[in-house]
Amino acid sequence: MNTYLLSLYFLFVASLSQALIGGFALKSSLARHLPSDRRRMWAAFSIGALLLALHHSYTLNLAAQTGLYDFSQATLAVLAGLATSYAVWRLIQLKP
């Protein structure tokens with residue numbers, strides 16, 4: 001497998017993981033049993049994750065349409081997405 005295809009896969013996984021993070025964070029921000037500052041924190045996580053998903057999607061679109069890609073940036077994007085997914089998953093499991 002060449003680095004171009006691997007970059008496309010990495011960007012897809014990064015975009016998908018950030019979108020899922022945004023959805024889970026939005027769901028957590030709508031929980032009524034949480035204090036208002038905690039709900040605002042989850043809303044900020046949601047907005048940031050969805051903006052990152054949009055950024056990764058634009059980068060994926062650019063790479064797919066033009067062939068311009070940066071393998072190291074795609075690798076960092078997928079690692080950051082997976083690490084953030086793990087962190088948000090652990091935060092969701094914490095008891096309020």
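See above for the structure.
Owing to the predicted nature of the structure, the values given are computational and were not obtained by experimental measurement.

Caption draft 1: Fine view of the overall build of the protein chain. A count of helical and extended segments in the protein chain gives three helices and zero strands. Written out in order from the N terminus, the α and β elements of the protein chain read α-α-α. Along the longest, intermediate and shortest principal axes, the C-alpha atoms of the protein chain span 50 × 20 × 15 Å. Within the protein chain, the proportion of its 96 residues that are buried is 27%. Long-range contacts, defined as pairs at least 24 residues apart, comprise 79% of the intrachain contacts of the protein chain with a sequence gap of at least 6. Element-wise, carbon and sulfur atoms account for 69% of the exposed surface of the protein chain, whose accessible area totals about 6400 Å².

Caption draft 2: Structural view of helix α2 (residues 36–66). Counted at 1.5 Å a residue, the expected span for α2 with its 31 residues is 45 Å, and the 45 Å between its end C-alpha atoms agrees. Buried residues of α2: W42, S46, A49, A53, H56, L60 and A63, and no others. Its buried side turned inward, α2 meets α1 (3–29) and α3 (71–93). Following α2 by one or two positions, G67 has its phi on the positive side, about 85°.

Caption draft 3: Quick peek at the packing of α1 against α3. Running from amino to carboxyl end, α1 crosses α3 at an angle of 25°, the nearest separation of the two axes being 8 Å. Relative to α3, the element α1 lies roughly parallel. Considering only the axes of α1 and α3, their crossing is left-handed. Of the residues in α3, those in contact with T3, L6, S7, F10, L11, V13, A14, S17, Q18, I21, F24 and S28 of α1 are F71, A74, T75, A77, V78, A80, G81, L82, T84, S85, V88 and I92. Its residues placed into classes, the contact of α1 with α3 shows 15 nonpolar, nine polar and no charged.

Parameters at a glance
Residues numbered from 1 in each chain as written. Predicted model: local features only at pLDDT ≥ 70, side-chain atom pairs only at ≥ 80, totals over all residues. Heavy atoms only, no water. Helix = DSSP H or I, 4+ residues; strand = E, 2+ residues; numbered from the N terminus. Buried < 20%, exposed > 50% of the residue type's maximum accessible area, 1.4 Å probe, protein only. Contact = heavy atoms within 4.5 Å. Areas by Shrake-Rupley, 256 points an atom, 1.4 Å probe, with all protein chains shown as cover. Expected span 1.5 Å × (residues − 1). Axes fitted to C-alpha atoms, helices over the stretch in contact; angles between N-to-C directions. Parallel < 35°, antiparallel > 145°, perpendicular 65-115°, else oblique. Left-handed = near helix turned anticlockwise from the far one by under 90°. Nonpolar A, V, L, I, M, F, W, Y, C, P; charged D, E, K, R; others polar.

The quantities given are spatial measurements derived from coordinates; they are silent on function.
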